[in-house]
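Residue-level structural notes
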Amino acid sequence: MEIVEQPTAKTSHWPLPARGQRTVIPPSVLSSVRDHPLCSGCMPHGVGFYPQASGHRMERQQPADDLLIYCVSGAGEVTYGGQSHPVEAGDLLLLPAGLAHRYRANPQHPWSIYWVHLGGHEVQRYFDEIAGQSHAGIHRVRVGVHSRLAEDFQALMAAATNAQPEHLVYAANLLRSLLAYASLMRRQHQVRHATLDVLRVNSYLQTAIDRRLSLDDLVTATSDLSRYHFIREYKRQTGQTPMQAFQRIKVSHACYLLDISDDSVATIALQLGHDDPYYFSRLFKKMMGISPQKYRKERGKK
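Okay, so let's go over this structure. (Residues numbered from 1 in each chain as written. Predicted model: local features only at pLDDT ≥ 70, side-chain atom pairs only at ≥ 80, totals over all residues. Heavy atoms only, no water.)

Take the packing of helix H3 (residues 147-160) against helix H8 (residues 242-260) next. Contact geometry of H3 with H8 gives a least axis separation of 11 Å together with a crossing angle of 20 degrees. Classified by the angle between their axes, H3 and H8 sit roughly parallel to one another. The interaxial crossing formed by H3 with H8 has right-handed handedness. Facing Gln-154, Ala-155, Ala-158 and Ala-159 of H3, the residues of H8 in contact are His-253, Tyr-256, Leu-257 and Ile-260. For the contact of H3 with H8, the per-class residue count stands at six nonpolar, two polar and no charged. (Axes fitted to C-alpha atoms, helices over the stretch in contact; angles between N-to-C directions. Helix = DSSP H or I, 4+ residues; strand = E, 2+ residues; numbered from the N terminus. Parallel < 35°, antiparallel > 145°, perpendicular 65-115°, else oblique. Left-handed = near helix turned anticlockwise from the far one by under 90°. Contact = heavy atoms within 4.5 Å. Nonpolar A, V, L, I, M, F, W, Y, C, P; charged D, E, K, R; others polar.)

Dropping the structure here:
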């Protein structure tokens, strides 16, 4: 039987900052599940998050794998077919294998992007669904800024760090879900005229999940409203304050990490921007009704 080597994801050499994440799955690991029916058609080769990626740029003449980039804030530029196109928050870039392209962050307002290198015979069909056409080329698609997409990328990054076959199968199907949701958001995207775009706020909260965030910073980054009107409008639309929502996002991701990893509670607290694991445990218990340790124990993990 002929062995087909999986392409290695060629990522940029942009220096990874403290908040950045980058995971590239080795070809030998990808080969271990190459024939698995649940992941062979659509498999992540690498995934990451580059926040405020000043100086980030990349050029590929003959890329070996497909690439999806999701801009959640800031701006950038993509060039293909001899023309350059601006990239803004809420844009998806679909960059198929074999097609030359280059892209870069805007020097004045560098983008924050999630990205995933991927491959498999199903990928082009997903790209067609997201782009809304069957033309197998490079596409820049407006889907809007959605916290759910950011959450999907976060989940994919967590799963892709584990080289065990069952984790890779899980990662492959998280990727399918992410692509299908992106397609749905492209179809449902429309200009929003609401006083406050809650989806934009929630997406920003998701990208800040690993750090402390002040309410004033959140207001400045996501709206033109005053602090008072921001809180009032957010609570009117969601039934909770922005900081309550931020705590729930953190605790929800903590539950995910407790389920999928063997990291200590202290390590998970640090990943979510809490230096004090005891404070984090109290916050977790307040929202979940049980401590992180008991949560993990009840789910069969030590």
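With that settled, consider the packing of aromatic side chains. Applying the stated rule across the entire model yields seven aromatic pairs. When the centroid spacing of 6.4 Å and the interplanar angle of 15 degrees are considered together, the rings of Tyr-70 and Phe-153 count as stacked. With a gap of 83 residues between them, Tyr-70 in strand E4 (residues 66-73) and Phe-153 in helix H3 connect regions that are remote in the sequence. Under the relative-accessibility criterion, Phe-153 is labelled buried at 1%. Pairing Tyr-103 with Trp-111 gives two aromatic rings, centres 6.2 Å apart and planes at 50 degrees, and the pair type is tilted. A relative accessible area of 0% places Trp-111 in the buried class. By the ring-pair criterion, three or more aromatic residues cluster together here, those being Phe-49, Tyr-70, Tyr-114 and Phe-153. We note Arg-148 situated over the ring of Tyr-181; from NZ or CZ to the ring centre the distance is 4.5 Å. (Phe/Tyr/Trp six-rings, centres within 6.5 Å; stacked < 30°, edge-to-face > 60°. Buried < 20%, exposed > 50% of the residue type's maximum accessible area, 1.4 Å probe, protein only. Lys NZ or Arg CZ within 6 Å of the ring centre and 35° of its normal.)

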